[in-house]
Amino acid sequence: MTQLQSYIAGRWIGQQPGQQLKSAIDGSVIATTHAETLDFGEALEHARKVGLPAMMKTDFQQRAAMLKALAKYLGERKEEMYALSFHTGATRTDGWVDIEGGTGTLFAYASMAKELPKAGNLWHEGPQMPLGKTGVYAGTHVLVPRGGVAVHINAFNFPVWGLLEKFAPTFLAGLPCIGKPATATSYLTEKLVRLINESGILPEGALQLVIGGTGDLLDRLRVQDVVTFTGSADTAAKLRTTPNLIRHSIPFNAEADSLNCAILAPDVTPDDEEFDLFVKEIAREMTQKAGQKCTAIRRAIVPADRIDAVAAKLKERLAKTTVGDPRLENVRMGALASKSQQADVAERVATLRQGAEVVFGGGEGFAPVGEGVGEGSFFQPTLLLARNPQNHAAHDVEAFGPVSTLMPYDALDDALALAARGQGSLAGTLVTKEAATAATAIATLAAMHGRLQILDRVAAPESTGHGSALPYLKHGGPGRAGGGEELGGLRAVKHLMQRAAVQGSPAMLAAVTGEGAAV
């Protein structure tokens, strides 16, 4: 059993055991949080007085080199993280998405930084524009470090990637970070931060770690700081209205779970390759990470005359999914992250079953594979069918686990209307053979989605999948999905910097930006 510690002001804090954290596999206690109360004033002071000056002694390219070195260092020690990852309920494949997906994001941002200025910390966004008739007065835009601290509050499902995907662009932007992982899987994040600290690659104060609650941390933030949050829509709403954040207009970026959908277009028949691709995509999103992804497909929208065929194919595929101890080679789906998560999913499935029939799962007679798994947090993949979907709970209630609901539609416009009932989603997939169908549907779907995948037999061999958040593409969505943006290439770095318009003579602007004076 490990005593977890926070890393604050250059030292590890935590000797007294607090909350017990149990393995998702067998319920054994694998770690405890610490009971000590943290001094968040000290943490912020350290970030401002030590971390920020140290980072400002480096430029974009130097920080990019550190990211690359850190990615390599962590990659060489990934097995230490995999050993703990299993206890979160993740299979080796699930762990790859989290662990190597995290280091891959560091590599990606180190590479993208080649487009940033070769020296200094001022980024000329441009272009320079004439503001007068004779060309002696012009204007442009620049981006500079905010001069504050970034607080990153993360969810339980990706304890490694969740921190690193936020840290990479924040570090490039010149902001020291305070990371706060969800408690249930914080033992894996703590291992990550210990490895980062042992590497000696980052400037002191660039990254601190909070195990447990945030206390009065948000109440102590200043105008130059920024907060990001990944988790439930309800928690995002509560944190967003913290009086201090509102009073000082402190940026708050939320990425919340959402009721994502996949649509099978009317042009796809059961004899088409795209039909099987649709079924495979739904099954993968239900079972990868045991369905604990904010991008997972919660609603599968299908032409009414094909709904039974899709249900039968999905039932057949899910029946072949071995659920159990994720350390076993034959297991394809592991456990939910905790017993509380297991109970929450069961409660929400009970709600979703009202007005829907169970196609597969439901828990009856379910027994996970492996020794001593009786106290684990396993949940059987559960597929529901709502034949009257217009007012079904699946448009409002999310079971954050291996659960999805099939919904029939009559015409494409009906499918698009059902998709919009999610009130804002992170990701959506349209499976179609027809370019005209894609052109019509995407123009409508894009208004309520952060990212959209068009899947057909041509794209399938290289498709990264419905649920994969890539460092090069925007991650985030409107409405229920939080209304925020992360990743998206260097856009993420821009989000974390301060943009200013600058006006003056072309020569003065050239001196500021380090670029030519031509207008």
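Refer to the preceding data block for the structure.
Residues numbered from 1 in each chain as written. Predicted model: local features only at pLDDT ≥ 70, side-chain atom pairs only at ≥ 80, totals over all residues. Heavy atoms only, no water.

**Digging into unusual backbone geometry**
1) Next: Look at the link from glycine 126 to proline 127: it is a cis peptide, with omega at -5°.
2) Next: Within the secondary structure layout, proline 127 lies in the loop between β6 (123-124) and β7 (129-130).
3) Next: Its identity is not glycine, yet alanine 290 carries a phi of approximately 55°, on the positive side.
4) Next: Residue alanine 290 is classed as buried on the basis of its relative accessible area of 1%. (Helix = DSSP H or I, 4+ residues; strand = E, 2+ residues; numbered from the N terminus. Buried < 20%, exposed > 50% of the residue type's maximum accessible area, 1.4 Å probe, protein only.)

**Considering the sheet that holds strand β19 (residues 425-431)**
1) Next: Pairing within the open sheet is mixed, and its seven strands lie in the order β16-β17-β18-β15-β14-β19-β20. Lying at the two open borders of the sheet, with one neighbouring strand each, are β16 (357-360) and β20 (449-455). Ignoring which end each strand starts from, the neighbouring axes of this sheet average 25° apart.
2) Next: As paired elements, strand β17 (residues 382-385) and strand β18 (residues 403-409) share four bridges and run parallel to each other. Residue pairing in the sheet places leucine 384 in a bridge with threonine 405 of β18. (Pairing = 2+ DSSP bridges. Axes fitted to C-alpha atoms, helices over the stretch in contact; angles between N-to-C directions.)

**Some points on the side chain of histidine 152**
1) Next: Mapping histidine 152 onto the fold places it in strand β9 (residues 150-153).
2) Next: Given a relative accessible area of 1%, histidine 152 falls into the buried group.
3) Next: At 2.6 Å, the side chain of histidine 152 forms a polar contact with the side chain of threonine 228. (Polar contact = N/O pair within 3.5 Å; in protein donor to acceptor, adjacent residues only side chain to side chain.)

**Regarding the environment of glycine 376**
1) Next: Structurally, glycine 376 is set in the loop between β16 and β17.
2) Next: Each C-alpha atom of the pair glycine 376 and phenylalanine 229 lies 28 Å from the other, and the pair is 147 residues apart in sequence.
3) Next: In this structure glycine 376 touches Ala24, Ile25, Asp26, Gly27, Lys339 and Gln342, once residues within four positions along its chain are discounted. (Contact = heavy atoms within 4.5 Å.)

**Considerations on the pairing of strand β14 (residues 260-264)**
Residues in a regular strand project their side chains so that they alternate between the two faces of the sheet.
1) Next: Within β14, five of the five residues are buried, which leaves it mostly tucked inside the rest of the structure.
2) Next: Neither face of β14 is open: one carries Asn260, Ala262 and Leu264, the other Cys261 and Ile263, and all of them are buried.
3) Next: Both β14 and strand β15 (residues 297-303) contribute to a ladder of four bridges, which runs parallel. Across the sheet, residue asparagine 260 finds its bridge partner in β15, namely isoleucine 297.
4) Next: In terms of strand pairing, β14 meets β19 through four bridges, oriented parallel. By the bridge assignment for β19, alanine 262 is matched with threonine 429.

**Things to note about helix α6 (residues 186-199)**
1) Next: Along its 14 residues, α6 runs 20 Å from first to last C-alpha, staying within 8% of the 20 Å computed at 1.5 Å per residue.
2) Next: Most of α6 is tucked away, with 10 of its 14 residues classed as buried.
3) Next: Listed as buried for α6 are Ser186, Tyr187, Leu188, Thr189, Glu190, Leu192, Val193, Leu195, Ile196 and Ser199.
4) Next: Directly after α6, the chain includes glycine 200, whose backbone phi takes a positive value near 70°. (Expected span 1.5 Å × (residues − 1).)

**Regarding the environment of isoleucine 297**
1) Next: The residue isoleucine 297 is located in strand β15 in this model.
2) Next: Along the backbone, isoleucine 297 and threonine 405 are 108 residues apart, and their C-alpha atoms lie at a distance of 8.8 Å.
3) Next: Residues within four places of isoleucine 297 in sequence aside, it is in contact with Asn260, Cys261, Ala262, Glu281, Ile282, Glu285, Val403, Ser404 and His466.

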